[in-house]
Amino acid sequence: MRLRVPPGAPAALKVLAAAAAAPAPVRPHLGGPAERPQSPAPELELRLELDSGTVLFSPNAICQYFYLCRGEEPTDLTTQWLEWEATELQPAVAAALYLRLVQGRAGPEALGLLQPLLAHLEQQLARSGTSHLAGDAASVADVVVWGSLFPVLQDQPSLPSELQVLRSWFGAVSALEPCRAAAALLPEAPRELRAHLARHPPHLPGPPREPQQDEESPERALTDGDIAAAVEVWARGPAALPPPREPRTPVLPVEGERNVLITSALPYVNNVPHLGNIIGCVLSADTFARYSRLRGWQTLFVCGTDEYGTATETRALQEGLSPRQLCDRYHALHADIYAWFRISFDHFGRTTTPLQTSIAQDIFQRLLARGFLLQDTLEQLRCERCGRYLADRFVEGTCPCCGYGEARGDQCDRCGKLINAVELQNPQCKLCRGTPVVTPTQHLFLDLPKLEGRLEAWLERTWAAGEWTANARHITRTWLRDGLKPRCITRDLTWGTPVPLDGFHDKVFYVWFDAPIGYLSITADYTEHWERWWKNPQQVELYNFMAKDNVPFHSVVFPCSLLGADDNYTLVNHLIATEYLNYEDGKFSKSRGVGVFGDMAKDTGIPADVWRFYLLYLRPEGQDSAFCWADLMLKNNSELLNNLGNFINRAGMFVCKFFGGAVPAMALTAEDQRLLARVTLEMRRYHQLMERVRLRDALRCVLGISRHGNQYIQVNEPWKRIKGDERDRQRAGTVTGVAVNLAAALAALLQPFVPGVSAAIQAQLRIPPERCGLGPGLTCTLPAGHRVGTVSPLFQKLEPEQVEALRQRFGGGQAKEPPPASAPPPAPNTPAAPGDPKLIQELTEQVAQQGNLVRQLKAAQVEKAQVDAQVAKLLELKRQLALAEGRSPEVPKGKRKK
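Residues numbered from 1 in each chain as written. Predicted model: local features only at pLDDT ≥ 70, side-chain atom pairs only at ≥ 80, totals over all residues. Heavy atoms only, no water.

### Some words on the overall build of the protein chain
Consideration 1: Each helix and strand in the protein chain was counted, giving 31 helices and 20 strands.
Consideration 2: Taken over 898 residues, the protein chain has a buried fraction of 55%.
Consideration 3: Within the protein chain, counting contacts between residues at least 6 apart in sequence, those at least 24 apart form 78% of the total.
Consideration 4: As displayed, the protein chain offers around 38,300 Å² of accessible surface, 51% of which is attributable to carbon and sulfur atoms. (Helix = DSSP H or I, 4+ residues; strand = E, 2+ residues; numbered from the N terminus. Buried < 20%, exposed > 50% of the residue type's maximum accessible area, 1.4 Å probe, protein only. Contact = heavy atoms within 4.5 Å. Areas by Shrake-Rupley, 256 points an atom, 1.4 Å probe, with all protein chains shown as cover.)

In structure tokens, the structure reads:
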């Protein structure tokens, strides 16, 4: 592998320290001052090139990879710290260093930006009682956080006296050999960092948010005020809930109220969505839309299929259909998939409508009239054998940036660079495998340089007030870093929105100019009053949901089109982008049968809400995550069945079994009041997370509330107290009444995530519709005397045999990329040649991953047969690792005494 570190890279220190901690030495390539480019060249970006050809660009992903090589799997805690460092600490450190190194402000003034974050670190270290962030041993979290803080704190020996624990931690991590080695490699770091910040000034933030646990943290000590406020909310009963809203059709903004417009990136009609597409776009958007409606906000959620382009034309030819017939078929398929996943669109439309043509052409004409369009000759690849110009995605060749041999004509999947098809080396037509020729043709371009000033001014205002994910901000800054370039908005195709300009009638709009306008035309298809949503920025908040590869077109290209059109358009306020969801240890591939796609999920026998839950539980918010069948089974059986389902079922069953189906009278004790306060704090935290679109953490907050309920029941044992004296029976009634009201609150909290389960809870407990809202805390919505219905289990256990059969079914036989032909892997029963460092590294990672799975299964107390099966896999992997290292495999001799 090869680690490239350019001069002045802010993330250099943590990456070098993680590299120094790797089991095998990694020699970094450090760019010197003479190599500093005038504009960022691909070969000088911070990146890790693996021997397999994969390239990692995210600094934190690189750090995690090095620790995976050590056999250290990421935990929830290390993941949280890495996400906090990327989204909260990094921007604040960059701003502090800019003030100090570039503007020359005094150290205390610059350090003031970090005070809340440093105080949080102090608090977490003191509270955990461990010497490091994620335990008693240093982890990737310590190296990453230290690497960000070191440039600021190395010259700050006099940290505030109250931060003694932080001082001790910082000194201990600084003394670690990998960290010392990393610091020694960068003797010119301050000067190079100053130069980097001068070229790329960071956004100077307002008061930083409190990470992980803030003032509403349920883990902080309860105060008398917390308890009194919680008891007051409880006593108000249903009056504490927001009044239900009568549904209106169409949904339109209301002056003086919060009006929320939500879009999900338009799926391309030919592509059947896989689980990663679903969580990255429609499911995330749906979860927030459901929450928004529960809050009583005027909410419109629109999406639809993106149907124009060469891919549709070509697929239609292959299937003997017209493009319209093909789109009709696949639009219905998409609609069926999303309906099964319970996606609650207000309207699911399509881009092949007369309204799309009229709105897109109007925006085009306004851009033309205002001088924001250019004409230029474009060299384009034309396949003479097919008799057509080739769209970018129908050309393959060698990437000019990284040398990858299967790069597409618009983007390289290995290095992620956007490229022009004519730049490809050795291009081939994907349709006939012929060699296309470069042909000049006239095209229209959006003059992005002319709009750059307007865009930057708008971004500054929007970022100050809106919720943009860290990756969305980073990707946008990357595009702006060296100045925007004119971008072509026309293509030589027939299936698309026609260009209304003489000399261009044989062309159509390029998809990334045309497709985002689909949000407007789909809304216009829903209501003739569409402009009240899309030309009303004073009253409407716009949320865009997408995967990170769609960010530039929603943060740069589309906003520039609307800013240039100058018609008071509603621009995005909150851009929510996920990282990627992978499948097991590879990528989703329809052609190879690898992974679960939307049209297959309902055939697995696993309910839609279980799919929703698991995808949201591992939603890739701060970094890539991976779907894993064994983990799906673990989360279903532990979190859904044993935690959530167990609590709600017990609460309802106690009412039926001990109190004849009627909620008993409740006399709250101090213990009950503390539970109310604890749950109320959790609910406030839930609202904070949901409003910031931290969906994964909000879901885990709900599971935490359920655990409080299980613990409350377990400690108070109402099944025993009901058999005691009058005092015990009264206590059993109070515990049961509080528990069933907590179950009712969970029904509302769960509704955005698992709406079917939420509806089942409401039906079983017979919660009236007007009492199904989200309140500010735990309320007594089911008073004494309320009669519940028939209570039945909400979830079913997933068995190992069932899950293994599904894993085999969707494995495709090619879950991993084949190795190069020059280095075939050993046959399954053939010992590997000892000493192969690549094989040793792969097996080390697999042993660590399998060991972590075994520990999770044991901790969850799953059946012994299931654990034994995974232990057997672990032992086999260890055997292979021993052979690869030239050691004799040890025969297990039983457990050793500690």
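Moving on from the coordinates now.
### With respect to the environment of alanine 784
Consideration 1: Mapped onto the elements, alanine 784 comes out in the loop between helix 28 (755–765) and helix 29 (800–809).
Consideration 2: For alanine 784, the contacting residues outside a window of four places in its chain are Val663, Pro664, Ala665 and Met666.

### Considerations on the side chain of arginine 619
Consideration 1: Topologically, arginine 619 is positioned in the loop between helix 22 (608–617) and strand 20 (625–627).
Consideration 2: Excluding residues that lie within four positions of it along the chain, arginine 619 makes contacts with Ile279, Ser284, Phe545, Ile576, Thr578, Ser625, Val693, Leu695 and Arg696.

### Some remarks on the sheet that holds strand 7 (residues 347–350)
Consideration 1: Spatially, the 5 strands line up as an open sheet ordered 7-6-5-17-18, and their pairing is parallel. Edge positions in the open sheet fall to strand 7 and strand 18 (574–578), since each of these has one partner strand only. Direction aside, the axes of adjacent strands within the sheet are offset by 20 degrees on average. (Pairing = 2+ DSSP bridges. Axes fitted to C-alpha atoms, helices over the stretch in contact; angles between N-to-C directions.)

### Observations regarding the pairing of strand 8 (residues 373–383)
Consideration 1: One ladder, built from 10 bridges, connects strand 8 with strand 13 (residues 437–446); its direction is antiparallel. By the bridge assignment for strand 13, leucine 374 is matched with phenylalanine 445.
Consideration 2: Counting the residues between successive antiparallel strands, the hairpin from strand 8 to strand 9 (residues 388–389) contains 4 residues, one of them, glycine 387, with a positive phi of roughly 70 degrees.

### As for the packing of aromatic side chains
Consideration 1: The final tally for this structure, using the stated rule, is 33 aromatic pairs.
Consideration 2: Centroid distance tryptophan 611 to tryptophan 629: 5.9 Å. Interplanar angle 80 degrees. Geometry classified as edge-to-face. A residue pair is termed long-range when its members are at least 10 positions apart, and tryptophan 611 in helix 22 and tryptophan 629 in helix 23 (residues 629–659) qualify at 18 residues.
Consideration 3: One aromatic cluster is present, built from ring pairs that chain together Tyr583, Phe588, Phe597, Trp611, Tyr614, Phe627, Trp629 and Phe810.
Consideration 4: Its end group placed over the ring of tryptophan 297, arginine 258 keeps NZ or CZ at 3.9 Å from the ring centre.
Consideration 5: The ring of tyrosine 510 has arginine 491 sitting right over it, with the charged end atom 3.9 Å from the ring centre. (Phe/Tyr/Trp six-rings, centres within 6.5 Å; stacked < 30°, edge-to-face > 60°. Lys NZ or Arg CZ within 6 Å of the ring centre and 35° of its normal.)

### Overview of the pattern of salt bridges
Consideration 1: Counting across every chain of the model gives 39 salt bridges.
Consideration 2: Note that arginine 245 and glutamate 257 form a salt bridge whose closest N and O atoms lie 2.6 Å from each other. One end of the pair, arginine 245, is in the loop between helix 10 (224–236) and strand 5 (259–264); the other, glutamate 257, is in the loop between helix 10 and strand 5, with 12 residues separating them in the sequence.
Consideration 3: Its relative accessible area of 40% is what places arginine 245 among the partly exposed residues.
Consideration 4: One salt bridge in this structure joins glutamate 671 and arginine 731, with 3.3 Å as the shortest N-O distance. Of the two residues, glutamate 671 is situated in helix 24 (residues 670–691) and arginine 731 in helix 27 (residues 726–750); the sequence distance between them amounts to 60 residues.
Consideration 5: On the basis of relative accessible area, glutamate 671 is assigned to the partly exposed category, the value being 30%.
Consideration 6: Judged by relative accessible area, which is 12%, arginine 731 ranks as buried. (Salt bridge = Lys/Arg side-chain N within 4 Å of Asp/Glu carboxyl O.)

### Brief notes about the sheet that holds strand 13
Consideration 1: Judged by pairing direction, the sheet is antiparallel, and its 4 strands sit side by side in the order 9-8-13-14 without closing on themselves. With partners counted over all chains shown, the strands left at the sheet margins are strand 9 and strand 14 (487–488), one partner each.
Consideration 2: Relative to strand 14, strand 13 runs antiparallel, the two being bridged by 2 bridges. Across the sheet, the residue bridging to phenylalanine 445 is cysteine 488, located in strand 14.

### Comments concerning the packing of helix 5 (residues 115–128) against helix 7 (residues 164–174)
Consideration 1: The geometry of helix 5 relative to helix 7 is characterised by a closest axis approach of 8 Å and an angle of 85 degrees between their N-to-C directions. Here helix 5 is positioned roughly perpendicular relative to helix 7, judged by the angle of their axes. Across the interface between the two elements, Leu118, Leu121, Glu122, Leu125 and Ala126 from helix 5 touch Gln164, Val165, Leu166 and Trp169 from helix 7.
Consideration 2: Per-class residue counts for the contact of helix 5 with helix 7 are 7 nonpolar, 1 polar and 1 charged. (Parallel < 35°, antiparallel > 145°, perpendicular 65-115°, else oblique. Nonpolar A, V, L, I, M, F, W, Y, C, P; charged D, E, K, R; others polar.)

### Quick look at the nonpolar core
Consideration 1: With 170 residues, the main nonpolar core has Ile363, Trp611, Trp629, Tyr686 and Phe753 as its most contacted residues.
Consideration 2: Here this core takes 13 residues from helix 27, the largest share from any one element.
Consideration 3: Leaving out residues up to four positions away in the same chain, tryptophan 611 has contacts with Leu275, Trp340, Phe341, Val596, Ala601, Thr604, Ile606, Phe627, Trp629 and Leu632. (Core = buried A, V, L, I, M, F, W, Y, C linked by side-chain atoms within 4.5 Å.)

### What to know about the environment of arginine 167
Consideration 1: As for its placement among the helices and strands, arginine 167 is situated in helix 7.
Consideration 2: On the basis of relative accessible area, arginine 167 is assigned to the partly exposed category, the value being 32%.
Consideration 3: C-alpha separation for the pair arginine 167 and leucine 153, spaced 14 residues apart in sequence, amounts to 9.5 Å.

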